[in-house]
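# Understanding the architecture of this molecule
Residue-level listing of the chains:
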Amino acid sequence: MTAHKLHIAGKAVHLHGCLIAPNFRTQRVLCSDPWDFVALWLKRHHKKDALFYWDQSRHFYNASITLPALSAPLTSYYCFLNATKALLSSVGQTFTENHGVGGRSNPGPKSLSHEIVDFQGGGILPSLCKYLVEPDNAGKNFTLKDLLWQMPFIHRAYCLTYQGTTELFIPLTSHSFMRRDGSKEAWFQAEVDRRYINAHTQKVIQPGFEIFETAEKYLIRRKRRFRWSGRDVENSIEEFKRYHKTIRRRIMPIFSSENRWYLKKSVAGHDELSNSQLVLMYAVMHRLSELSRYDPIALAGHFNVNHNWLLTEFIRAAPNQFIYGMASEITGSEFIRPDAF
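Criteria and thresholds
- Residue positions are given per chain, counted from 1 along the sequence in the order it is written.
- Two thresholds apply to this predicted model, a pLDDT of at least 70 for residue-level local features and 80 or more for giving and counting side-chain atom pairs, whereas whole-chain, interface and lining totals are computed over all residues.
- Note that the side-chain values use all heavy atoms of the structure and ignore hydrogens as well as water.
- Lines fitted to C-alpha atoms define the axes, with helix axes restricted to the stretch in contact, and inter-axis angles between N-to-C directions lie between 0 and 180 degrees.
- Only DSSP runs of H or I covering at least 4 residues are called helices, and only runs of E covering at least 2 are called strands; the numbering of each starts at the N terminus.
- Any angle that falls under 35 degrees is termed roughly parallel, while one over 145 is termed roughly antiparallel, one within 65 to 115 roughly perpendicular, and all others oblique.
- When checking whether two residues touch, look at their non-hydrogen atoms; a contact exists if any pair is within 4.5 Å.
- Here the nonpolar group is Ala, Val, Leu, Ile, Met, Phe, Trp, Tyr, Cys and Pro; Asp, Glu, Lys and Arg are the charged ones; every other residue, Gly included, is treated as polar.
- Only one rule defines a salt bridge in this text: a Lys or Arg side-chain nitrogen within 4 Å of an Asp or Glu carboxyl oxygen.
- Three exposure classes are used, based on accessible area relative to the maximum for each residue type with a 1.4 Å probe and protein chains only: buried under 20%, partly exposed in between, and exposed over 50%.
- Paired strands, in this sense, are two strands between which DSSP finds at least two bridges.
- Put simply, two rings from Phe, Tyr or Trp (the six-membered ring, in Trp's case) pair if the centres are within 6.5 Å, and we call them stacked under 30 degrees between planes, edge-to-face over 60, tilted for the rest.
- Each ring is checked for a lysine NZ or an arginine CZ that lies within 6 Å of its centre and within 35 degrees of its normal; such an atom marks a charge sitting over the ring.

This next bit is on the packing of helix 3 (residues 72–90) against helix 11 (residues 308–331). Relative orientation of the contacting elements helix 3 and helix 11 amounts to 5°, with a least axis distance of 10 Å. Relative to helix 11, helix 3 is oriented roughly parallel. Between helix 3 and helix 11, the residues in contact are Ala 72, Pro 73, Ser 76, Cys 79, Phe 80, Ala 83, Thr 84, Ala 86, Leu 87 and Ser 90 and Ile 315, Arg 316, Ala 318, Pro 319, Phe 322, Ile 323, Met 326, Glu 329 and Ile 330, respectively. Across the contact of helix 3 with helix 11, the residue classes break down as 14 nonpolar, 3 polar and 2 charged.

Here you go:
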């Protein structure tokens, strides 16, 4: 079976950082940070309230940069909160003015397994879940350890902290959308380094994906196909967007100089949470902000045990990841940095 890469508006189509309404016709936005671009976009689209929240988010972000890890979660969370309000306001999504998430500490030694995040049924976070078409987990609770396991941008730090833990992500390279020659049949595929291929790979990429070898390369391919017709581009793009949305539930980015992509494996415990990184980062930062504000001595204790590096990595890296993700959701554009974080 011969195939060629799918093109839209004269350029090859790749995975997009926006989950809900990606714009595949525009060029990627190359910028050192997305603040000014998004502010200009909101002004041009007359999103006054959203622009106010976005500016507030930027102020809290800048404040966080100068603070130590013990204090930064408080301002970082309010950066996340206001960025989320900016997104919800820009799309006309209603929300109530409570956080939508709470937290508590279980008795025992300092451990991320003893820090609990309680998801609630109303407020900012459930409204974000609704917009992203994700479960709001109302009435459920998860530990910080559970939540941090699910984020690719700190997954290496997680695995080094908790040695012997199951690696949850497979790195993807050379990702593209292919169209079968002489046919309307199209699909997603990406290359996988052979060191990630073993006897269990075919199982852990289920459901929905398959692996095959060609020309000394290993490729992961989405089993489900979509239809692409060059004579009906508008309807083809709409069908493609629906297809892209389904695979982005399993394939997640690290926003960086070229945006690296990872397929989430199917392993024991992986399906307890099916939320995007935006939701998980919001929930974790909220819990850390509670500790920073109400019990800083307890938070300081977490920096004196073996998970201190993991916690520091999250506090330092999450704001960039969150804001780039939010910028993409607000504008529909793909953002990349000219250099790594």
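Moving on: the pattern of salt bridges. Any two side chains of opposite charge can pair, on the condition that their charged atoms come close. All chains considered together, the criterion is met by 14 salt bridges. Taking the shortest distance from any N to any O, the salt bridge between Arg 104 and Asp 118 comes out at 2.9 Å. Of the two residues, Arg 104 sits in strand 5 (residues 101–105) while Asp 118 sits in strand 6 (residues 115–119), which places them 14 residues apart along the sequence. Salt bridges sharing partners connect three or more residues here, namely Glu 115, Arg 287 and Glu 290.

Within strand 14 (residues 260–264), 4 of the 5 residues are buried, leaving the element largely enclosed by the surrounding structure. Strand direction decides the pairing type here: strand 8 (residues 169–180) and strand 14, joined by 4 bridges, are antiparallel. Across the sheet, Ile 170 pairs through a bridge with Leu 263, a residue of strand 14. As judged from the 4 bridges shared by strand 13 (residues 251–254) and strand 14, these two strands associate in the antiparallel manner. Residue pairing for strand 14: Ile 254 is matched across the bridge by Arg 260.

Quick look at the packing of aromatic side chains now. This model, assessed by the stated rule, comprises 20 aromatic pairs. Between Phe 37 and Phe 335 the ring centres are 5.4 Å apart and the planes differ by 85°, which places this aromatic pair in the edge-to-face class. On the criterion of sequence distance, the pair formed by Phe 37 in helix 1 (residues 35–44) and Phe 335 in strand 15 (residues 335–336) is long-range, its members being 298 residues apart. For Phe 37, a relative accessible area of 33% corresponds to the partly exposed category. Taken together, the ring pairs connect Phe 24, Phe 177, Phe 188, Phe 226, Phe 240 and Tyr 243 into an aromatic cluster. One cation-aromatic arrangement involves Lys 145 over Tyr 162; the distance from NZ or CZ to the ring centre is 4.3 Å. Above the plane of the ring of Phe 209 lies Arg 222, whose end atom (NZ or CZ) is 5.3 Å from the centre.

So, about the sheet that holds strand 5. Here 3 strands make up an open sheet; going across it, the order is 5-6-7 and the pairing antiparallel. At either margin of the open sheet sits one strand with a lone partner, and together these are strand 5 and strand 7 (141–143). Strand-to-strand twist in this sheet, taken as the mean axis angle between neighbours without regard to direction, amounts to 25°. Running at roughly 50° to strand 5, helix 9 (residues 277–294) makes contact with strand 5 and strand 6 of the sheet.

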